[in-house]
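Inside the fold
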Amino acid sequence: MPGIVVVGAQWGDEGKGKATDNLGDRVDYCVRYSGGNNAGHTIKVGGDTFILHLLPSGILNPGTTTVLGNGVVIDLDVFRQELNALAERGVTVPHPLVSANAHIITPFHTTLDKVTERFLGKRKIGTTGRGVGPAYADKVNRVGIRVQDLFDESILRQKVEANLDFKNQVLVKLYNRREIDPIQITELLLSHAESLRPHVVDSARLLNAALDEGKVVLFEGAQASHLDVDHGTYPYVTSSNPGAAGACTGTGVGPTRIDRVVGIAKAYTTRVGEGPFPTELFDEDGEALREKGHEYGATTGRKRRCGWFDAVVVEHAVMVNAFTDVFLTKLDILSGWKKIPVCVAYDVNGVRHDTMPMTQSELHHAKPIYEYVDGWDEDISAARTFDELPENCKKYVAFLEQRVGCRISGIGVGPGRDQTIVINDLLS
Ligand code: GDP
Ligand code: IMO
Ligand code: MG
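These figures come from a predicted structure and were not determined experimentally.

**Details of the nonpolar core**
- In terms of nonpolar packing, the biggest core is built from 70 residues, with Phe309, Leu331, Leu334 and Tyr396 touching the most fellow members.
- Broken down by element, the residue count for this core peaks at 7 residues, all from strand 16 (residues 339–348).
- Formed by 36 residues, the second largest nonpolar core is a distinct cluster that contains Leu76, Val78, Leu156 and Ile185.

Below, the structure is given as structure tokens:
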């Protein structure tokens, strides 16, 4: 069972990091295939908390080789800082590998991300400000700077200059900002070349060879299906393909090599940044979910918007990613509610929609239609088997399973490594 993809089923922060880490040393390769340091994956090991933005979550397992695939955008300062921070905490990390084809986030991308958002004002996306969108725009525009360019100084200089010839005009004339010096940027990038070189590989060749040998390769999604630039709530999305298909384009592994696609879904819903969110709560229930669930962004510290589970949203993710399994996280947070609403359809201007509406305008007008499941009072954080869960809690899981149309194979009952209920082993 070698190729397995982990994908967020909602708008991010579902607990992908924990679910990935949870599979432990049984994973030979853990690969990030999209996004950059806009991600924030939190992993709790005993009393220690680690937040990884760029490095794959498998890095905390000494037996796992980690890889940043060609689909990732890399801020080289962040790469170095995350490795140093782990080393300072005494974590011996296996040598992460980096695709020669991955694109680089430079300081001019980060600047452009921030000034564009400011310029958009009320129409802003609410990005993380990490330069991710501008770096992907350059990639698609065929002017991006790739990891391999660091090893050809003259090419690198030409590319940085060509970029800034144009971007400085935009920065100065449109945004009223100072010019960025191409020499400084080139020197900064070159300063990383020597230390980065031993990490750089042809990751497509490496991962295909690993799969040929029957190794377990886990593709760790960042962001989520509804933040996917093609399948998400455009334009309130990220600029890459976090969905399952992105695992193929973002690594050079073909779709027939993927055996399992696991959707990570929170037992309720959260979203950071702007964009439609039909089940969003503005009352004390929303506040209670935020406080109980510690729903504050792992990357920017922003308050996460909170709401009830939206089965319409997750069913869409099941469909476009062809999930084989769903891993339901943070079920423990729902203890204590008398009745738990689950959104099963939308009312759009008086018309019932059982699935995601086709257009963005309809989604903006969608009002949730709820069904109510009886709640439970018990603390479930010590449960380790499905049978140990209270009856109503089991009914809630069964209800979600039936509504989203995919089996639930694992349940998270706390942030700790061991706080997981396995129903179907994800690696068997
Ligand atoms: P990711 O971006 O998908 O990896 O998720 P984040 O790390 O941004 O947010 C998930 C948060 O929930 C983290 O603080 C995790 O430690 C925590 N978490 C993950 N699974 C569970 C769970 O089953 N129960 C509880 N209470 N917390 C969880
Ligand atoms: P993880 O991997 C939640 C959101 C931002 C913004 C939009 C675009 O931790 O689940 P970007 O900086 O990517 O251009 O911002 O996407 N966003 C996330 N929201 N979790 C994430 O990652 C996110 N990565 C990006 O808040 O709305
Ligand atoms: Mg996160």
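And the narrative resumes.
**Regarding the environment of valine 344**
- In this structure, valine 344 sits in strand 16.
- Remark: the alpha-carbon pair of valine 344 and glutamate 315, spanning 29 residues in sequence, is separated by 9.7 Å.
- The residues touching valine 344, leaving out its near neighbours within four places in the chain, are Val312, Arg352, Asp354, Ile369, Glu371, Phe399 and Arg403.

**Some points on the pattern of salt bridges**
- All told, the structure shown has 24 salt bridges when counted by the stated rule.
- Note that glutamate 213 is salt-bridged to lysine 215, the shortest N-O span being 4.0 Å.
- Classification of glutamate 213 by relative accessible area gives exposed; the value is 58%.

**Quick look at the site of ligand 2**
- Close contacts around ligand 2 come from 20 residues, with Lys16, His41, Thr128, Gln223 and Thr238 the closest.
- One nitrogen or oxygen atom from the side chain of lysine 16 is found 2.7 Å from an oxygen atom belonging to ligand 2.
- Take glycine 126: an N or O atom from its main chain is 3.4 Å from an oxygen atom of ligand 2.
- Relative to its unbound accessible surface of 550 Å², ligand 2 loses 97% to contact with the protein.
- Counted by class, the shell around ligand 2 contains 7 nonpolar, 10 polar and 3 charged residues.
- Residue contributions to the shell around ligand 2 reach at least three from each of two domains, namely domain 1 (3–94 + 202–422) and domain 2 (103–197).

**Notes on the sheet that holds strand 9 (residues 200–201)**
- Ordered in space as 9-7-5-2-10-1-11-15-19-20, the 10 strands form an open sheet in which the pairing is mixed. Strands with a single pairing partner mark the edges of an open sheet, and in this sheet they are strand 9 and strand 20 (420–422).
- Where strand 2 (residues 29–32) meets strand 10 (residues 217–220), 4 bridges bridge the pair, whose relative direction is parallel. By the bridge assignment, tyrosine 29 is partnered in strand 10 with valine 217.
- Against the sheet, helix 13 (residues 391–404) touches strand 15 (325–329) and strand 19 (408–412), its axis set at about 135 degrees to strand 19.

**A closer look at helix 11 (residues 311–321)**
- Burial analysis of helix 11 places 8 of its 11 residues in the buried class, the great majority of the element.
- Taken residue by residue, helix 11 has Ala311, Val312, Val313, Val314, His316, Ala317, Val318 and Asn321 as its buried positions.
- Buried-residue contacts for helix 11 involve strand 1 (3–8), helix 9 (244–249), strand 11 (260–266), strand 14 (309–310), strand 16 and helix 13.
- A positive backbone phi angle near 50 degrees is found at alanine 322, which sits one or two residues after helix 11.

Criteria and cut-off values
Residues numbered from 1 in each chain as written. Chains lettered and ligands numbered in written order. Predicted model: local features only at pLDDT ≥ 70, side-chain atom pairs only at ≥ 80, totals over all residues. Heavy atoms only, no water. Core = buried A, V, L, I, M, F, W, Y, C linked by side-chain atoms within 4.5 Å. Buried < 20%, exposed > 50% of the residue type's maximum accessible area, 1.4 Å probe, protein only. Helix = DSSP H or I, 4+ residues; strand = E, 2+ residues; numbered from the N terminus. Contact = heavy atoms within 4.5 Å. Salt bridge = Lys/Arg side-chain N within 4 Å of Asp/Glu carboxyl O. Near = heavy atom within 4 Å. Polar contact = N/O pair within 3.5 Å; in protein donor to acceptor, adjacent residues only side chain to side chain. Areas by Shrake-Rupley, 256 points an atom, 1.4 Å probe, with all protein chains shown as cover. Nonpolar A, V, L, I, M, F, W, Y, C, P; charged D, E, K, R; others polar. Domains from an automatic or database assignment. Pairing = 2+ DSSP bridges. Axes fitted to C-alpha atoms, helices over the stretch in contact; angles between N-to-C directions.

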